[in-house]
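Structural characterization, general
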Amino acid sequence: MSRFKYTSVPQDNPHAHASNGDTLPNSVQEYLDNGAAQGGRNRALFAAACQLRDIGATEGFAVETLLLRATQDGLKPGEATHAIKSAFAASRREPPTGSTGQPWQLSNNRRPAPAMVARPSQKTAKPGAISESRPIPLPETIADGFKTLLLTAFKEGEGVCLAPTRENEDGSRTPVRGTTLTREAWLEKLKKKGSLSKIYSTKEGLFVRVNPMKTGGKGTNDDVTAFRHALVEFDTDAQGQDIPKELQLGAIIHSGLPITAILDSGNKSVHAWVRVDAANLEEYEARVDAVYALFDSAALDPSNRNPSRLSRCPEGRRTEKGEVREQRLLALNLGAKSWADFERVRNTANLGEPIRLDYLLNYNTKEDPNNMIGNRWLCLGSSLVIVSQSGVGKSSLNMQLAIGWAAGREDMTFGIKPVRPMKQLILQAENDEGDLAEAAQGVFFAQEISAEERAVINENLLWHRITSATGEEFCRTVEDLVTLHKPDIVWIDPLINFIGDDLSEASVIAQFCTGWLNAISQKTGVIFALIHHTGKPPKDGASRGTNSDLAYAGLGSSALVNWAREVMVLSRIKTPEGDPATFSLTACKRRKRAGMRDMSGEVSEEIYIRHAADGTIRWEQCDKPEAPEKAKKGSKKEDKAPAAGGYALKKKGEGTETIPGVLEREDGTGESGDSAALTQGAPEAPQSRSYTLRRGRPSKLPREAQAAIIAAIRANGGLITPAEREQFATTYGVSTMTIRRFEDAANGKEEDRSEEK
């Protein structure tokens, strides 16, 4: 019996067949019965909609038929409706085999799908979970149940053990050891007697062991000759209540296990003979563990794990509350064809159905239901890595992005816009409550945030400080927290504190990210955002390369970059000496999809940001800074060619040379007097000071500007007023910072503004 013959259809079943005689295509009914796994939900829905379109169903009928199933699988009503509409936008094909191809009309007794459903839980239930199963009506009894079971579950020559019951002192009844005969011997007895009731006339219950047994044995585990079947029988639910047999059957079918036989016990349970085909007892126990793991939310009877287990024998009789009931054979050969096939399906379940060309051609990328942030920059299940040097403010950037995305505001996140306010879980190790408070207050109070927005942010942002879990233990904690809180984004700050192994090993990255984190994101759709450190900084003057090259700035194996959907790099850039520390924030892989905008409002893959000028812990966007002056390379001063705007240096016994650069004290005292003098039209230097020209950055100032500033310095005792500085800048078309640098050099001050103290 390869397919159930339903005796009735409950009116509260939202996926029931239409009552007017129409039959859904097999693939559509299978979709309604079993749903689709995470990763294949849109494709399965689209395929079912195409089948309904091809048999002439209306789009409205398809929406009403499929929408509830899709939302139960976890799709939002809007994206489910979009997938159905996409299917009906394409041309109708030939009806599927077995369909009439005649136009359909909606059955009057179908329950309409709800207009809106609550956001579904992101936890993916296990295949046999009672809470996620749909009740299935019990099939009709299969005739000659005992004979049919012998021929289906046992091979020629194998021993089959039957056991009646005996009454105990307290009046209860338990099975006896039983009698083991070959399959053929039982078939011969059945032929001679005409029925099982004439072999065993008892009305108090008859049992059969689920595996072949040694003839003449005692019926123990040691007598099992083939570890073929494991018995699945339900007890009670988590609240101690009986589980309806229809729901038990639904859980068994939904599990996808290879089932040799399903029997009605004649009382409160159904029995399933699961085909495990183990080579030995050790493998049998491992496979039974796998079977029981599928039914985590169902209360399986734990006493049924042994291979010599007794099950109710079909056509046997039992008496309950004075009523004689028959134990029935209900179905044969359901689910996977073998244990090997079941494992293949189980191992590939997260992949979902393969993608087909029709689905891709009809996919609306402009309104992608999986989009979460930016222009498909980060979608459901995506991954982000933010890389920067230690101590520059990665955690405060994390805080700013998290608060902005929690509020759904792009103005707080440099134009990176979420599709809605995002719920986020921040797991961090380095910052105590005071550190977090400073950053949160710095970001929050700098914005105009309404009371309503504050309430949304408060609901959408959660922090946990984790300092003692790494590797697999940490990822198990993450999965539990994701199941509990159902966030859209999980921040891990920093990665190095939680990975628990060598970051330079690609296998470590693959296990942590691809193995453990991806398993969570595939089931839940959560986005992982990892905060990461750069490796050793490049040598002075080394180019950072392209933005694609910049993605590999992080510490450790490049496997991390290859895993991440997006890599953002926060890097300190060179600025004119005296300017505030400035950083570039670069999207290296998805680039302009992020939606970042520069100060002119143009979408850009790179923007420039600084720490807030008011001293609070937050970031402010700024213009691209002016490039610093580059030093000219050369050999000894005497060998340098004159440069426009440079000073001339006249030494004793030598001619005059012009050397590019800015003025620098020759010694620490300023009293050398006769070692050098400024010439070539520059005003005579004060007699108490002598100057040489420092090799390095040439001054931007014209020669006449340099001479005028030196004269002002001499006249003002080494000082220039701010008004004079502004006047010089205006006159010679340079910045006041350039004037200030030259002023410092002329006063003999050391210049070291390249790094922030």
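See above for the structure.
Quantities reported herein were computed from a predicted structural model and do not represent experimental measurements. (Residues numbered from 1 in each chain as written. Predicted model: local features only at pLDDT ≥ 70, side-chain atom pairs only at ≥ 80, totals over all residues. Heavy atoms only, no water.)

Counted according to the given criterion, the structure contains 15 aromatic pairs. Measuring from ring centre to ring centre gives 6.4 Å for Trp-377 and Trp-405, while their planes differ by 65 degrees; the resulting arrangement is edge-to-face. Of the two residues, Trp-377 sits in the loop between strand S12 (371-373) and strand S13 (378-379) while Trp-405 sits in helix H11 (residues 394-407), which places them 28 residues apart along the sequence. Take Trp-405: its relative accessible area is 1%, and that puts it in the buried class. Here Trp-405 and Trp-491 contribute two aromatic rings whose centre-to-centre distance is 5.9 Å and whose plane-to-plane angle is 20 degrees, an arrangement assigned as stacked. (Phe/Tyr/Trp six-rings, centres within 6.5 Å; stacked < 30°, edge-to-face > 60°. Helix = DSSP H or I, 4+ residues; strand = E, 2+ residues; numbered from the N terminus. Buried < 20%, exposed > 50% of the residue type's maximum accessible area, 1.4 Å probe, protein only.)

What follows deals with the environment of Leu-281. Within the secondary structure layout, Leu-281 lies in helix H8 (residues 281-294). Measuring from C-alpha to C-alpha, the distance between Leu-281 and Phe-227 comes to 7.1 Å, with 54 residues separating the pair along the chain. The contact partners of Leu-281, leaving out residues within four places of it in the chain, are Phe-227 and Pro-307. (Contact = heavy atoms within 4.5 Å.)

Turn by turn, an α-helix covers 3.6 residues, leaving residues three or four places apart pointing in a common direction. A rise of 1.5 Å per residue sets the reference length of helix H4 (residues 77-89), with its 13 residues, at 18 Å; its end C-alpha atoms lie 18 Å apart and thus fit the reference within 8%. In this structure, the buried residues of H4 make contact with helix H2 (41-54) and helix H3 (59-73). (Expected span 1.5 Å × (residues − 1).)

What follows covers the packing of H3 against H4. Contact pair H3 / H4: the axes reach a minimum separation of 9 Å and the direction vectors enclose 140 degrees. Compared by their axis directions, H3 and H4 come out oblique. Handedness of the H3/H4 crossing: right-handed. On the side of H3, the interface is formed by Glu-59, Ala-62, Val-63, Leu-66, Leu-67, Ala-70 and Thr-71, while H4 contributes Pro-77, Ala-80, Thr-81, Ile-84, Lys-85 and Phe-88. Taken together, the residues that form the contact of H3 with H4 break down as 9 nonpolar, 2 polar and 2 charged. (Axes fitted to C-alpha atoms, helices over the stretch in contact; angles between N-to-C directions. Parallel < 35°, antiparallel > 145°, perpendicular 65-115°, else oblique. Left-handed = near helix turned anticlockwise from the far one by under 90°. Nonpolar A, V, L, I, M, F, W, Y, C, P; charged D, E, K, R; others polar.)

This brings us to unusual backbone geometry. Geometrically, the link from Asp-493 to Pro-494 is a cis peptide bond, its omega value of -10 degrees lying close to zero. As for its position among the elements, Pro-494 is in the loop between strand S17 (489-493) and helix H15 (506-524). Unusually for a residue other than glycine, Asn-333 sits at a positive phi of about 55 degrees.

In space, the 4 strands of this open sheet follow the order S5-S7-S6-S11, with antiparallel pairing throughout. In this open sheet, the two edge strands, each paired with only one partner strand, are strand S5 (227-233) and strand S11 (328-334). Ignoring strand direction, the axes of neighbouring strands in this sheet form an average angle of 20 degrees. Of the strand pairs in this sheet, strand S6 (residues 259-264) and strand S7 (residues 270-278) are connected by 5 bridges, and their pairing is antiparallel. When the sheet's bridge partners are listed, Ile-262 is paired in S7 with Ala-272. Contacts from H8 reach S5 and S7 within the one sheet, and its direction differs from that of S7 by about 135 degrees. (Pairing = 2+ DSSP bridges.)

Mapped onto the elements, Thr-731 comes out in helix H19 (residues 722-732). For the pair Thr-731 and Ala-705, spaced 26 residues apart in sequence, the C-alpha separation works out to 8.8 Å.

Taken together, the 4 bridges between strand S9 (residues 317-320) and strand S10 (residues 323-326) define a ladder with antiparallel strand orientation. Counterpart to Arg-318 in the pairing with S10 is Arg-325. The hairpin formed by S9 and S10 contains 2 residues between the paired strands, and Lys-321 there has a positive phi angle of roughly 55 degrees.

Membership of the largest hydrophobic core comes to 43 residues, with the highest contact counts inside it found for Trp-377, Trp-405, Trp-491 and Leu-585. Here this core takes 8 residues from H11, the largest share from any one element. Other than its neighbours up to four places away in sequence, Trp-405 contacts Ile-373, Trp-377, Thr-413, Ile-416, Pro-418, Arg-420, Pro-421, Met-422, Gln-424, Ile-489 and Trp-491. (Core = buried A, V, L, I, M, F, W, Y, C linked by side-chain atoms within 4.5 Å.)

Honestly, that's just the spatial picture; any functional story needs more than this.
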